[in-house]
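Listed below are the residues making up each chain.
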Amino acid sequence: MPKRIAIVEDEAELAALIDYNLRRHGYGTQIFNGSKGTLKALEQHKPDLVVLDVMLPDTDGFELCRQIRQSAVLSRTPVLFLTARSDEVDRVLGLEIGGDDYMTKPFSPRELIARVKAHLRREDMDVEPAALEIGPFRLDRTGRRVFLAGRELALTSTEFNLLDFFVTHPGRAYSREQLLESVWGELRNVTPRTVDVHVRRLREQIEEQAENPRYLTTVRGFGYRFEDPA
Ligand code: CA
């Protein structure tokens, strides 16, 4: 079964170019030229990844991403934002609301394919063991679900990967660069600031007080550490 990619992009030429390149690499595709009615269609289509333009004629890509994250069917689907704007503000906003990656136009088809591949490989990664329990945390890697004290957390694909990495290496401090290398791998569009954004989002999910974390602590002047809850 080919992996299916949804392309949400109102510029017809660019959508066709992305479509052509994805198909050439064996992906199944579906193009949406705006955000109106797209959420419903995506829920039916259940793509493996969404390429999402930020500037759309109706509601913008950020809003659609928010809806994707709130959808029971789509909440874990990787979202790769496309934008003409390269502001750090936009990049951070995109990640804050649950985007997994960000590409600034113009980009090369080759770069797009590399990122799509990397995200899908990440989704597929079958890490042993399939489940892991540490303190109140239980990770189901096959289903890519996380439970904290029996309650399921709603994590994005990237947040899941980050938490998976931390709980697999408790008690060890990692710099932002080491985390980028280990968790994001070849997706080097991201900056060290990206790590901070995702750590903050993760804390909001796993900590009682995000500003006074118990599990995911800051190692001043260095990076982060997951405190062994056992
Ligand atoms: Ca656009």
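A brief look at the structure comes next. Since the model is a prediction, treat every value here as computed from it, not as a measurement.

1. Notes on the coordination of the calcium ion
Phase 1: Only Asp 10 (OD), Asp 53 (OD) and Met 55 (O) from the protein coordinate the calcium ion, and they sit 2.1 to 2.3 Å from it.
Phase 2: The sequence pattern formed by the donor residues of the calcium ion is D-x42-D-x1-M. Taken together, the residues Asp 10 in the loop between strand S1 (4-8) and helix H1 (12-24) and Asp 53 in strand S3 (residues 49-53) connect sequence positions 43 residues apart.

2. Describing the nonpolar core
Phase 1: Within the largest apolar cluster, 28 residues are counted, with the highest numbers of intra-cluster contacts made by Phe 137, Leu 162, Leu 163, Leu 179, Ile 206 and Phe 226.
Phase 2: Sorting the residues of this core by element identifies strand S6 (131-134), strand S7 (137-140), strand S8 (145-148), helix H6 (157-168), helix H7 (176-184), helix H8 (192-206) and strand S12 (223-226) as the ones contributing at least two each.
Phase 3: Top contributing element to this core by residue count: H6, with six residues.
Phase 4: Filtering out sequence-adjacent residues up to four positions away, Ile 206 remains in contact with Phe 137, Leu 148, Leu 153, Leu 163, Tyr 215 and Leu 216.

3. Examining unusual backbone geometry
Phase 1: The omega torsion of the bond from Lys 105 to Pro 106 falls at -5 degrees, within 30 degrees of zero and hence cis.
Phase 2: Not every positive phi belongs to a glycine, and Lys 46 is a case in point at roughly 45 degrees.
Phase 3: Position of Lys 46 among the secondary structure elements: in the loop between helix H2 (38-45) and S3.
Phase 4: Taking relative accessible area as the criterion, Lys 46 reaches 45% and is therefore assigned partly exposed.

4. Concerning the side chain of Lys 105
Phase 1: For Lys 105, the location among the structural elements is in the loop between strand S5 (101-104) and helix H5 (109-124).
Phase 2: Residue Lys 105 is classed as buried on the basis of its relative accessible area of 17%.
Phase 3: Separated by 3.1 Å, the side chains of Lys 105 and Asp 53 make a polar contact.
Phase 4: Setting aside its immediate chain neighbours within four residues, Lys 105 contacts Glu 9, Glu 11, Leu 14, Asp 53, Leu 82, Thr 83 and Ala 84.

5. Here we look at the pattern of salt bridges
Phase 1: Inspection of every chain in the model, using the stated rule, returns 14 salt bridges.
Phase 2: For the salt bridge of Asp 100 with Arg 69, the shortest nitrogen-to-oxygen distance reads 3.0 Å. Of this pair, Asp 100 sits in the loop between helix H4 (88-96) and S5 while Arg 69 sits in helix H3 (residues 61-70), placing them 31 residues apart in sequence.
Phase 3: Classification of Asp 100 by relative accessible area gives buried; the value is 1%.
Phase 4: By relative accessible area, which is 13% here, Arg 69 ends up buried.

6. Things to note about the sheet that holds S3
Phase 1: Taken in spatial order, the five strands line up as S2-S1-S3-S4-S5 in an open sheet, and their pairing is parallel. The open sheet terminates on both sides in strands that have one partner only, identified here as strand S2 (28-32) and S5. Averaged over all pairs of adjacent strands, the angle between their axes in this sheet comes to 20 degrees, without regard to strand direction.
Phase 2: Looking at chain direction, S1 and S3 are connected through four bridges and run parallel. Bridging from a neighbouring strand, Val 8 pairs with Leu 52 of S3.

Criteria and cut-off values
- Residues numbered from 1 in each chain as written.
- Predicted model: local features only at pLDDT ≥ 70, side-chain atom pairs only at ≥ 80, totals over all residues.
- Heavy atoms only, no water.
- Donors = N, O, S within 2.8 Å, 3.2 Å for Na, K, Ca; no water.
- Helix = DSSP H or I, 4+ residues; strand = E, 2+ residues; numbered from the N terminus.
- Core = buried A, V, L, I, M, F, W, Y, C linked by side-chain atoms within 4.5 Å.
- Buried < 20%, exposed > 50% of the residue type's maximum accessible area, 1.4 Å probe, protein only.
- Contact = heavy atoms within 4.5 Å.
- Polar contact = N/O pair within 3.5 Å; in protein donor to acceptor, adjacent residues only side chain to side chain.
- Salt bridge = Lys/Arg side-chain N within 4 Å of Asp/Glu carboxyl O.
- Pairing = 2+ DSSP bridges.
- Axes fitted to C-alpha atoms, helices over the stretch in contact; angles between N-to-C directions.

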